[in-house]
Amino acid sequence: MQKSYLWSIFILVTTIWVDQLSKTWARGLSTLHFNQGFIMGIYSELPESLRIVALGAFVGFIFFLYIFFMYVIPLKAAMIRHGLSFLVGGIFGNVIDKIVYGRTVDFIPFYVGEFQVVFNIADVFQWIGCGLVLWVIFRKERQIWFPDSTRQNYLINPLDQLKMATNFALVTFATSSMLGLFSFAFFRTVMVTLNYATENLMLSYFFTYLILTLLFCSISFIIGIVLSHRSAGPIYAFEKHVNHLLTGENKEFKLRDNDHYKHLESVANKLRVRFNSDKE
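Residues numbered from 1 in each chain as written. Predicted model: local features only at pLDDT ≥ 70, side-chain atom pairs only at ≥ 80, totals over all residues. Heavy atoms only, no water.

A.B. asks: What am I meant to see in the overall build of the chain here?
C.D. replies: Of regular secondary structure, the chain possesses eight helices and four strands. Looking at the chain residue by residue over its 280 residues, the buried ones come to 38%. Surface summary for the chain: the accessible area is close to 17000 Å², and the carbon and sulfur share equals 68%. (Helix = DSSP H or I, 4+ residues; strand = E, 2+ residues; numbered from the N terminus. Buried < 20%, exposed > 50% of the residue type's maximum accessible area, 1.4 Å probe, protein only. Areas by Shrake-Rupley, 256 points an atom, 1.4 Å probe, with all protein chains shown as cover.)

A.B. asks: Help me out: how do you make sense of the side chain of glutamine 20 in this one?
C.D. replies: Counting through the fold element by element, glutamine 20 comes out in helix 1 (residues 3-25). On the accessibility criterion, glutamine 20 (19% relative accessible area) is buried. Looking at glutamine 20, its side chain comes within polar contact range of the main-chain oxygen of glycine 93, at 3.0 Å. Residues in contact with glutamine 20, not counting those within four places in the same chain, are Gly93, Ile96 and Asp97. (Polar contact = N/O pair within 3.5 Å; in protein donor to acceptor, adjacent residues only side chain to side chain. Contact = heavy atoms within 4.5 Å.)

A.B. asks: It is not clear to me how the side chain of aspartate 19 should be interpreted in this structure. Could you clarify?
C.D. replies: Tracing the backbone shows aspartate 19 in helix 1. A polar side-chain atom of aspartate 19 sits 2.9 Å from a polar atom in the side chain of lysine 23. Those residues in contact with aspartate 19, other than ones at most four positions away along the chain, are Gly93, Asn94, Asn120, Ile121, Ala122 and Phe125.

A.B. asks: Just to check I follow, could you spell out the confidence of the model for the chain for this structure?
C.D. replies: Predicted confidence across the chain gives a mean pLDDT of 77, with 82% of residues reaching 70 or more. When mean pLDDT is compared element by element in the chain, helix 1 scores highest at 89, while helix 5 (residues 141-145) scores lowest at 53. Low pLDDT, under 50, characterises residues 146-150; the stretch is placed with six contacts to residues that sit more than four places away or in other chains. (pLDDT = per-residue confidence, 0-100.)

A.B. asks: I keep staring at the environment of cysteine 130 and nothing clicks. Help me out?
C.D. replies: Mapping cysteine 130 onto the fold places it in helix 4 (residues 121-139). Residue classification places cysteine 130 among the partly exposed positions, given a relative accessible area of 37%. Considered as a pair, cysteine 130 and glycine 83 are 47 residues apart in the sequence and their alpha carbons are 6.5 Å apart.

Have a look at this one:
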């Protein structure tokens, strides 16, 4: 495991720990403020059990995205990983409050004229994370989006790559559909048992779950493209390297950081040495 991954995990865990420690310390402050609800205060009228389930689903989705980006971001762009760790750690810090206490603990007041807002350390970590990510994207754009490689296209073998990506998306859709049917039936049963108005809430739940499912399917499709590219790309690059040797170009063969078939680098270098020796 690379040091950048370890640092990212350390930042994520430390961010959550520092945030929870600060909220424990702030319990006796006069500026203490509690924020009810889910995101932007929505679904605050939900029963506590359902709110915890909704928050758990949200955390799972965010963590899924976090792991995905940790995998696809180039090793040279470690600062983006660190920024995402600050951002996700801050989000998790607030979500833990809502799951454990049913509300977010805010205690840092900020005034601009008549405008007043109260936030917490988790919010600060989120701002730091966003700032780091945006800074790296705008200052080191070429390093992120155009790595030093002869491959500029992710669809090296379009038919096979699209087939693999589609299979990823279909598996995700099938799994999400089964979980959706179960959770929909469970929620409706709980709501009826609690004599809670179900029509509008279940309709809202259905569309929210549908949007999340489509997002998961889209991400799974992209993951399929990325994974297949890391297999098809090295083969394509190796073929191109051999053609360069045959036409007299003496270039070093180098794969991308996360490519598969890394042993092709040593094979290509041996071929290059052999071609050079034959010329002499």
